[in-house]
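# Results of the structural survey
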Amino acid sequence: MAFPCTGVILAGGLNKRFDGQNKAFIRIGGKRIVDRLLDVYHRLFQQIVLVTNDPAGYMDVDALIVTDHYSVRSSLNGLHAGLFAAAHEHAFFAACDTPFIKGALIQRLLDTVTPKADIIIPSTSAGYEPMFAVYKKNCLPAMVWQLERDLLKIQGLFRKVRVKTVDEADLRTVDPELVSFFNVNTPADLVRAETLHKQNR
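Presented here is an overview of the structure given in this document. Note that the coordinates shown come from a computational prediction; the quantities given were computed from them, not determined experimentally. Sequence order as written defines residue numbering, which begins from 1 separately in each chain. Per-residue local features are limited, in this predicted model, to residues with pLDDT of at least 70; the limit for side-chain atom pairs, both in listing and counting, is 80 or more; totals at the level of whole chains, interfaces and linings are taken over all residues. For the side-chain quantities, the full set of heavy atoms in the structure was used; hydrogens and water were omitted.

Looking only at helices and strands, the protein features six helices and ten strands. When we talk radius of gyration, it's over C-alpha atoms, and the globule rule is simply 2.2 Å times the number of residues to the 0.38. In terms of overall dimensions, the protein is globule-like: its C-alpha atoms have a radius of gyration of 16 Å, near the 17 Å expected for 201 residues. Taking the principal axes of the C-alpha coordinates as reference, the protein spans close to 40 × 40 × 30 Å. Whether a residue is buried, partly exposed or exposed follows from its accessible area with a 1.4 Å probe, protein chains only, as a fraction of its type maximum: under 20%, in between, or over 50%, in that order. Scored against the burial criterion, the 201 residues of the protein give a buried share of 51%. Intrachain contacts of the protein at a sequence separation of at least 6 include 69% that bridge at least 24 residues. Here, Shrake-Rupley sampling with a 1.4 Å probe gives the accessible areas, and only protein chains in the shown set may cover a residue. With the model as given, the accessible surface of the protein reaches about 9,600 Å², and the carbon-plus-sulfur share is 50%. One way to put it: in the protein the 24 positive side-chain charges average out to a point 2 Å from where the 21 negative ones average out. Secondary structure elements are taken from DSSP: a helix is a run of H or I of four residues or more, a strand is a run of E of two residues or more, and numbering for both begins at the N terminus. Contact between two residues is taken to exist if any of their heavy atoms lie within 4.5 Å; hydrogens are not considered. Neither His nor the chain ends is counted toward charge; the positive residues are Lys and Arg and the negative residues Asp and Glu. For charged residues, the charge sits on one atom: NZ in Lys, CZ in Arg, CG in Asp, CD in Glu.

What follows is the structure in structure tokens.
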């Protein structure tokens, strides 16, 4: 890997649509989503960080467990905590409810990292994928600036740092159905996830 990178799992959501059930521990095909992520991460990253506000719940997870630095709940807060804890200059982020991430797609992003880009982010017809992207530590000051002002939209960073996009056609060369971006938000998504699992065994 030309630019050594930390792998970060974001597990700070409230899981309201699952009655508070931790989505990281939902099983698909008999395996917890967080373990599916770890299987991929262990093949790619020397350091793995998991961001959560429930550290005790993850004592069996083989990762550095960290918590948010700011009290406000937001994805930006999780990005900041993970990037701050990263031992490397770059960190790849994914959410704990994405059961089908493909290592080849992560590697595709990592292959496009350059010294002149602070964020490497997929861009599809649905928009950007800020929760499946590579961030450089150069982003930390801009993250702090926003968090201290309760400006919590990740897209706000894009005007402050150097962003490089990877387009949909390129992404589909390694993940034709873009299943890496599928996340389990609702019980209906869980049903679909089981179907996808059976189709891709």
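Now that the structure has been shown, we can carry on.
Attention shifts here to helix 4 (residues 140–147). Buried within helix 4 are the following residues: Leu140, Ala142, Met143, Gln146 and Leu147. Down the axis of helix 4, the buried side of the element spans an arc of 160 degrees, and every buried residue falls inside it. Each element contacted by the buried residues of helix 4 is listed here: helix 2 (75–85) and strand 9 (132–136). To obtain the arc, one takes the directions from the helix axis to the C-beta atoms.

In this fold, Thr67 is placed in the loop between strand 5 (64–66) and helix 2. C-alpha separation for the pair Thr67 and Phe25, spaced 42 residues apart in sequence, amounts to 18 Å. Every residue in contact with Thr67, bar those within four places of it in the chain, is listed here: Thr52, Asn53, Pro55 and Ala81.

In this structure, Asp118 sits in the loop between helix 3 (103–111) and strand 7 (119–124). Each residue touching Asp118, except ones within four places of it in the same chain, is listed here: Val134, Tyr135, Lys136, Asn138, Cys139, Val161 and Arg162.

So, on to the nonpolar core. In terms of nonpolar packing, the biggest core is built from 41 residues, with Ile9, Tyr41, Phe45, Phe92, Ile106, Leu109 and Phe132 touching the most fellow members. Among the secondary structure elements, those contributing two or more residues to this core are strand 1 (5–10), helix 1 (33–44), strand 4 (48–51), strand 6 (90–95), helix 3, strand 9 and helix 6 (187–199). The element best represented in this core is helix 1, accounting for seven residues. Not counting residues within four places of it along the chain, the set of residues in contact with Phe132 comprises Phe92, Phe93, Ile101, Leu105, Ile106, Leu109, Pro122, Ser180 and Phe181. Counting 25 residues, the second-largest nonpolar core is a separate cluster that includes Val66, Cys139, Ala142 and Ile154. Throughout, nonpolar core names a set of buried Ala, Val, Leu, Ile, Met, Phe, Trp, Tyr and Cys residues whose side chains join them through atoms within 4.5 Å.

What follows covers the side chain of Asp118. For Asp118, a relative accessible area of 5% gives the class buried. Polar contact is defined as a pair of N or O atoms within 3.5 Å, subject to the rule that within protein one atom must be able to donate a hydrogen and the other to accept it, and that residues adjacent in sequence are counted only when both atoms are side-chain atoms. Looking at Asp118, its side chain comes within polar contact range of the side chain of Asn138, at 3.2 Å.

Let's shift gears to the environment of Met143. Tracing the sequence through the fold places Met143 in helix 4. Excluding its chain neighbours within four sequence positions, the residues that come into contact with Met143 are Leu76, Leu79, His80, Leu83, Tyr135 and Leu157.

Turning to the side chain of Glu129, a few remarks are in order. Turning to its location among the elements, Glu129 is positioned in the loop between strand 8 (127–128) and strand 9. Take a side-chain nitrogen of Lys or Arg and a carboxyl oxygen of Asp or Glu: if they are within 4 Å of each other, that pair is a salt bridge. For the buried Glu129, which has no salt bridge, the nearest side chain bearing the opposite charge is Arg172, at an N-O separation of 9.6 Å. If we ignore the near neighbours within four places in the chain, the residues touching Glu129 are Ile121, Pro122, Thr124 and Phe181.

Keep in mind these numbers describe shape, not what the thing actually does.
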